[in-house]
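# Examination of the molecular architecture
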Amino acid sequence: MDGIIQVTGKVKFPITIDPGVWIFDERRVDLETIFEHAQESGSELEAYTKSASQQWDKEITEGAQPPAAPGKKTYEKQKILEGSFGMPIEPFLKNAEPDADASTLIVKAGGKEYSFPLSEANNLIAAFSYKGKPLREDGPIHLYLKDGSNRDNPIRNVTELFIN
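Here goes a summary of the coordinates provided. (Residues numbered from 1 in each chain as written. Predicted model: local features only at pLDDT ≥ 70, side-chain atom pairs only at ≥ 80, totals over all residues. Heavy atoms only, no water.)

## Some details on the overall build of the protein
- The secondary structure content of the protein amounts to five helices and 10 strands.
- Counting every position in the protein, which comprises 164 residues, the buried fraction comes to 32%.
- Looking at the protein alone, contacts between residues at least 24 apart form 66% of all its contacts between residues at least 6 apart.
- Of the roughly 10,800 Å² that the protein leaves accessible, carbon and sulfur atoms contribute 51%. (Helix = DSSP H or I, 4+ residues; strand = E, 2+ residues; numbered from the N terminus. Buried < 20%, exposed > 50% of the residue type's maximum accessible area, 1.4 Å probe, protein only. Contact = heavy atoms within 4.5 Å. Areas by Shrake-Rupley, 256 points an atom, 1.4 Å probe, with all protein chains shown as cover.)

Dropping the structure here:
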């Protein structure tokens, strides 16, 4: 099962992940900008509130906008074909429902193991494409810390996420 990642260990629901379909997932993040946003201050709730407030103000003053013009769709398609993207692994860890006594995420990659406290594992981003191409040679995913501290040296050749 080349290109498939398993989430196993002390979980109620072992999960099989196929990063090849993430390009269609709305939760994907642009790796070019994610590390810049991670350094900005404020919580996600503050950012969401500010964004929603700006949209509300815009609609009140300018009125609601019609659906996106065809040019915007073309731009989005081009962005997907040329961009580098990742996916937060938090939703997958949450869906696996780790046991109450689980405390560590062990990442098996390239014959090595990397340990993260489960509380910090939610800050991992799984990169699945680089410049529009899947990570075939040293993939299927690379793991980055959300703060960008391992931006130049991600964990490569990830084969399994084991919760212990």
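So much for the structure itself; the text now carries on.
## Things to note about the nonpolar core
- If you look at the biggest cluster of nonpolar residues, it comprises 29 residues, and the most contacted ones within it are L105, V107, L143, V158 and L161.
- At the level of elements, β1 (5-9), β2 (15-17), β4 (85-88), α4 (90-96), β5 (104-109), α5 (118-121), β7 (124-130) and β10 (158-163) are the ones that each hand at least two residues to this core.
- Apart from the residues within four sequence positions on either side, V107 is in contact with K112, E113, Y114, F116, L143, I155, V158, E160 and L161.
- By size, the runner-up hydrophobic cluster in this structure holds seven residues, among which are L31, I125, A127 and L135. (Core = buried A, V, L, I, M, F, W, Y, C linked by side-chain atoms within 4.5 Å.)

## Describing the sheet that holds β2
- Overall, mixed pairing links the five strands, which are arranged β2-β1-β10-β5-β6 in an open sheet. Looking at the sheet topology across the chains shown, the edges are occupied by β2 and β6 (112-117). The sheet shows a mean angle of 20° between the axes of neighbouring strands, direction not considered.
- With five bridges joining them, β5 and β10 adopt antiparallel strand pairing. When the bridges of β10 are listed, I106 appears paired with F162. (Pairing = 2+ DSSP bridges. Axes fitted to C-alpha atoms, helices over the stretch in contact; angles between N-to-C directions.)

## What to know about the side chain of H142
- Looking at the secondary structure, you find H142 in strand β9 (residues 142-145).
- Looking at H142, the relative accessible area reads 5%, which means it is buried.
- Once you skip the residues sitting within four places of it in the chain, H142 turns out to touch I125, A126, A127, L135, P154, I155 and R156.

## As for the pattern of salt bridges
- Applying the stated rule across the entire model yields five salt bridges.
- Close ionic contact of K10 with D101 constitutes a salt bridge, the shortest N to O distance being 3.4 Å. Within this pair, whereas K10 is found in the loop between β1 and β2, its partner D101 is found in the loop between α4 and β5, the two being separated by 91 residues in sequence.
- The class of K10 is partly exposed, set by a relative accessible area of 28%.
- For D101, a relative accessible area of 53% corresponds to the exposed category. (Salt bridge = Lys/Arg side-chain N within 4 Å of Asp/Glu carboxyl O.)

## Considering the environment of E90
- Following the sequence through the fold, E90 ends up in helix α4.
- Residue classification places E90 among the partly exposed positions, given a relative accessible area of 27%.
- When the C-alpha positions of E90 and A121 are compared, they lie 7.4 Å apart, and in sequence the two are 31 residues distant.

By themselves, these figures tell us nothing about what the structure is for.
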